[in-house]
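Structure assessment
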Amino acid sequence: IVRGHNKNQRPDLLQLKVGLGITQDGIPVIGEPLSGNVDDKTWNNEFIKAMAVHLDKVDLHKVVYVADSSVVTKENLDEIAEQGLLMISRFPAIFALEGELKELAWERNEWIEVGKLCNAKEGGASRKAASYKVQAFTRELYGRPYNFVVVYSTALDQRKVKALDR
């Protein structure tokens, strides 16, 4: 544990992260304490390699690695391909392709209605739950084909309208 730079701009505090791999039911299967200054992109790569070693009895071709957008680097995608994993992540906006896919989705306007994922927000609020639409695309990234899904949310749309009104 070391002093570092956290999101609250408090370099005087000790930083600690926990790297954790869980099942779809939320049961931890692999975990490790990390220095608070460990880069998520680097840790993902090390974790994928460690997972292959620790889960040697598991067919990794049946494992779906779900991670935040920090997993989307050339090195991490190469390691995921080498291990034969499937992966789901949010595609980061640092890629020009992210904006291109959003624009293409608006141009095509071939949305597939997914609907609401819940009835109402928790806490007794009377607001309506968001409704979702999606469009899927296949594009190449670092020489490999990937499936991308552009998601439209009515809740996000309403927030943008309120921001514009302000």
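Computed from a prediction, not measured in an experiment: that's the story for all the values here. (Residues numbered from 1 in each chain as written. Predicted model: local features only at pLDDT ≥ 70, side-chain atom pairs only at ≥ 80, totals over all residues. Heavy atoms only, no water.)

1. Some points on the pattern of salt bridges
A side chain of one charge can pair with a side chain of the opposite charge when the charged atoms of the two come close. Heads up, the condition is: Salt bridges are defined as contacts in which a side-chain nitrogen from Lys or Arg sits within 4 Å of a carboxyl oxygen from Asp or Glu. Think of it this way: any DSSP run of H or I at least four residues long counts as a helix, any run of E at least two long counts as a strand, and we number them from the N terminus. We call a residue buried when its accessible area falls under 20% of the maximum for its residue type, exposed when it is over 50%, and partly exposed in between, using a 1.4 Å probe and counting protein chains only.
In the structure shown here, the tally under the stated rule is five salt bridges. For Arg-144, the salt bridge identified is with Asp-78, shortest N-O distance 2.9 Å. A residue pair is termed long-range when its members are at least 10 positions apart, and Arg-144 in strand S8 (residues 144–153) and Asp-78 in helix H2 (residues 74–83) qualify at 66 residues. Assessed through its relative accessible area of 27%, Arg-144 is described here as partly exposed. Note on Asp-78: relative accessible area 24%, which makes it partly exposed. Of the charged contacts, one joins Glu-98 and Lys-102 as a salt bridge, the two residues approaching to 2.9 Å between their closest N and O atoms. One end of the pair is Glu-98 and the other is Lys-102, both in helix H3 (residues 96–108) and four residues apart, which spans about a single turn. With relative accessibility at 41%, the residue Lys-102 sits in the partly exposed group. Each of Lys-74, Asp-78 and Arg-144 takes part in one network of salt bridges that share partners.

2. Focus on the sheet that holds strand S7 (residues 131–141)
Where we set the bar: At least two bridges found by DSSP between two strands are what make those strands a pair. As a rule, the C-alpha atoms of each element are fitted with a line to give its axis, helices using only the stretch in contact, and angles between N-to-C directions run from 0 to 180 degrees.
Overall, antiparallel pairing links the three strands, which are arranged S6-S7-S8 in an open sheet. The sheet terminates laterally at strand S6 (112–116) and S8, the two strands that pair on one side only. Strand-to-strand, the axes of this sheet are offset by a mean angle of 35°, without reference to chain direction. Summarising the sheet, S7 and S8 pair through 10 bridges and their orientation is antiparallel.

3. Structural notes on the nonpolar core
Basically, it comes down to this: Among buried residues, the Ala, Val, Leu, Ile, Met, Phe, Trp, Tyr and Cys ones that are joined through side-chain atoms within 4.5 Å form a nonpolar core. When checking whether two residues touch, look at their non-hydrogen atoms; a contact exists if any pair is within 4.5 Å.
With 30 residues, the main nonpolar core has Tyr-65 and Leu-85 as its most contacted residues. Of all elements in the fold, only strand S3 (28–35), helix H1 (40–54), strand S4 (64–67), H2, H3, S7 and S8 reach the threshold of two or more residues within this core. It is H1 that contributes the most residues to this core, five residues altogether. Among all residues touching Tyr-65, those that are not within four sequence positions of it are Trp-43, Asn-44, Phe-47, Ile-48, Met-51, Val-71, Ile-80, Leu-85, Leu-86, Met-87 and Ile-88.

4. Some thoughts on the packing of aromatic side chains
Going by this rule: Aromatic pairs are defined between Phe, Tyr and Trp rings, using the six-membered ring for Trp, whenever the two ring centres lie within 6.5 Å; interplanar angles under 30 degrees are classed as stacked, those over 60 as edge-to-face, and all others as tilted.
Per the stated rule, a full pass over the model turns up eight aromatic pairs. Measuring from centroid to centroid gives 4.7 Å for Trp-43 and Phe-47, while their planes differ by 25°, and the two rings are stacked. Taken as a pair, Trp-43 and Phe-47 lie in helix H1 at a separation of four residues, close to a single helical turn. By relative accessible area, which is 11% here, Trp-43 ends up buried. On the accessibility criterion, Phe-47 (5% relative accessible area) is buried. Plain terms: the ring middles of Phe-91 and Phe-148 are 4.9 Å apart, the flat faces sit at 65° to each other, and that makes the pair edge-to-face. Residue Phe-91 is found in the loop between strand S5 (86–89) and H3, and its partner Phe-148 is found in strand S8; the two are separated by 57 residues along the sequence. For Phe-91, a relative accessible area of 14% corresponds to the buried category. By relative accessible area, Phe-148 is classed as buried at 9%. An aromatic cluster of at least three residues, connected via ring pairs, comprises Phe-91, Phe-95, Tyr-142 and Phe-148.

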